[in-house]
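What the coordinates show
One letter stands for each residue in the lines below.
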Amino acid sequence: PERFNIAKAVCDRHAAASPDRTAIVFEDADGTARKLTFGVLQSEANRLANTLVQLGVRPGDRVAIHLPQCFEAAIAHVAAYKLGAIALPLFSLFGPEALRHRLADSGARALVTCQANLGVLDAVRDELGELAHVLVTDGQASYGQDLRGLMARASDAFETADTRADDPAMLIYTSGTTGDPKGALHGHRVLLGHLPGVEFPHRYFPQAGDLFWTPADWAWAGGLLDVLLPGLFHGVPVLAKRFEKFAPEPVFELMARHGVRNTFMPATALRMLRQFPDAGRFGVQLRSIASGGEALGEDLIGWGRETFGLTINEFYGQTEVNLVVGNNADVMPVKPGSMGRPIPGHQVSVIDEGGQEVPVGDVGMVAVRRPDPVMFIEYWNKPDATRAKFVGDWCLLGDLASRDEDGYLWFKSRDDDVIISSSYRIGPTEVEECLNQHPKVMMAGVIGSPDPIRGEIVKAYVVLADGVEKSDSVRDEIQAHVKRQLSAHEYPRQIRFIDELPLTVTGKIQRVRLREQDAEERSGE
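Each value, and the rule that gives it
- Residues numbered from 1 in each chain as written.
- Predicted model: local features only at pLDDT ≥ 70, side-chain atom pairs only at ≥ 80, totals over all residues.
- Heavy atoms only, no water.
- Helix = DSSP H or I, 4+ residues; strand = E, 2+ residues; numbered from the N terminus.
- Rg over C-alpha atoms; globule rule 2.2 N^0.38 Å.
- Buried < 20%, exposed > 50% of the residue type's maximum accessible area, 1.4 Å probe, protein only.
- Areas by Shrake-Rupley, 256 points an atom, 1.4 Å probe, with all protein chains shown as cover.
- Lys, Arg positive; Asp, Glu negative; His and termini not counted.
- Charge placed at Lys NZ, Arg CZ, Asp CG, Glu CD.
- Contact = heavy atoms within 4.5 Å.
- Axes fitted to C-alpha atoms, helices over the stretch in contact; angles between N-to-C directions.
- Parallel < 35°, antiparallel > 145°, perpendicular 65-115°, else oblique.
- Left-handed = near helix turned anticlockwise from the far one by under 90°.
- Pairing = 2+ DSSP bridges.

**Some points on the overall build of the protein chain**
- In terms of regular secondary structure, the protein chain is built from 15 helices and 27 strands.
- Over its C-alpha atoms the protein chain spans a radius of gyration of 23 Å, differing by no more than 12% from the 24 Å that the globule rule assigns to 525 residues.
- Its C-alpha atoms give the protein chain principal-axis dimensions of roughly 65 × 55 × 50 Å.
- Per-residue burial for the protein chain yields a buried fraction of 58% across its 525 residues.
- Here the protein chain has roughly 20,500 Å² of accessible surface; of this, 48% comes from carbon and sulfur atoms.
- Within the protein chain, the 71 negative side-chain charges are centred at a point lying 3 Å from the centre of the 55 positive side-chain charges.

Next up, the structure:
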């Protein structure tokens, strides 16, 4: 449609029709469960929207949301969309450098966070660009404002902005191979673009009795656009629960306790669940499992059928253009190892450098034709990078694949150096820059190394500074530095100390040589 607002679609219309309907079920650390209805979601989002307006936030301003899966995260998203601001989701495990870049680069005006996450900002408080307001959801903190106190004084009535479908709604940063992560700007239409890619792999979601949960953080497209917002759009309850550490037994218990029927599970999570020997005793009754981010093998699909009595449906996309290829075993054969076929509504193909579709069986670049509602508007403040993403009307997804005679797409390789670990896309440059900031590191090169559980792990080749001796303690110190500054999912799980890095004549790291060295090291283990 010409005009569309995510908040109206996922909240206001349900609050008007059935305000007591459950929107979100939240389970805290001790197992206590609470429910948030659509009526309360609307009134709380209205209070927050009014609070943001009183603080000077205007349509088009960026509102950062640095929260785990919780009521407040959903409320903050709905409030931002209501006033026509741009939501900026931030992963709870981000370190100070990762937060500094995203907050400063986006020019975020306000940050909604919690006391547990607030301390990470201490080291970079003076480097956050235009950030004017830090709003803390759970009471007084060392700095920032008590958001609940402000909301208590705000009206629970707010007229949701009459936005165009193309108006900006969210800014999600994604890692690439060069430079810092780029912000992919999406319009309100992105939710409509996602819906077919959710409904198809989830076996024509929604069905009576459905309840949705994912271990993926709501700051990622996988948690926000593949689960939370589609669930709310369809009026299906979404379960919110964040584990300190993903472990099979508590996950099985959670899904059984709440009657989870639908889940998005990254392949790494599925591999971890598969290691549990007696999954059947929990009585989990899933109706659909979708997975994306890395390929599922035949053994994992077979385990899913044996354990849950259903086929795990793989889907494919990226933050810029998500859920455009997928499977639905109810209506088409699943070919293990294939990403599936284009989701109805999207034109996806394999093309050459000139933008021409390649013959069946040939390898080319995966691309999606515009216009498409799920496609990003642009990279934030990076017009050159935006232009480079397109060949004519084809948007390049950065992967090489082939297409078979039945229209199934088969992933071959990435045409860049992005590392996919536990379904997270990690840019090697960002990790290298963080490593190079450590005083004991002279230079570092980062690659992805194959791993049976995570798909890939971050592996760093490090040249130490003069006078620094190689040791386990130095390795531990460097790993801890990256964990603190970037994120726990980006630190190098393996570090090899070497005397010099392979470089091009222009001084660029030859990651292909590092990958060859990694292959030799693994073959000798």
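From this point, the narrative continues.
**Comments concerning helix H7 (residues 189–199)**
- By the criterion of burial, H7 is predominantly enclosed, with eight of the 11 residues buried.
- Lining the buried residues of H7 we find helix H1 (6–17), strand E8 (168–174), strand E9 (182–187), strand E10 (212–213), helix H8 (221–233) and strand E14 (313–316).

**Considering the packing of helix H2 (residues 38–54) against helix H3 (residues 71–82)**
- Between H2 and H3, whose axes approach to 8 Å, the crossing angle comes to 60°. Judged by the inter-axis angle, H2 sits oblique to H3. Considering only the axes of H2 and H3, their crossing is right-handed. Across the interface between the two elements, Leu41, Gln42, Glu44, Ala45, Asn46, Leu48 and Ala49 from H2 touch Ala74, Ile75, Ala76, Val78, Ala79 and Lys82 from H3.

**Examining the pairing of strand E25 (residues 441–451)**
- Note that E25 and strand E26 (residues 455–464) share 10 bridges and pair antiparallel. Residue pairing for E26: glycine 448 is matched across the bridge by valine 458.
- With antiparallel pairing between neighbouring strands as the criterion, E25 and E26 make up a hairpin whose turn holds three residues.

**Thoughts on the side chain of threonine 22**
- Inspection of the secondary structure puts threonine 22 in strand E1 (residues 22–27).
- When near neighbours in sequence (up to four residues on either side) are disregarded, threonine 22 contacts Lys35, Leu36, Thr37, Phe38, Gly235 and Pro237.

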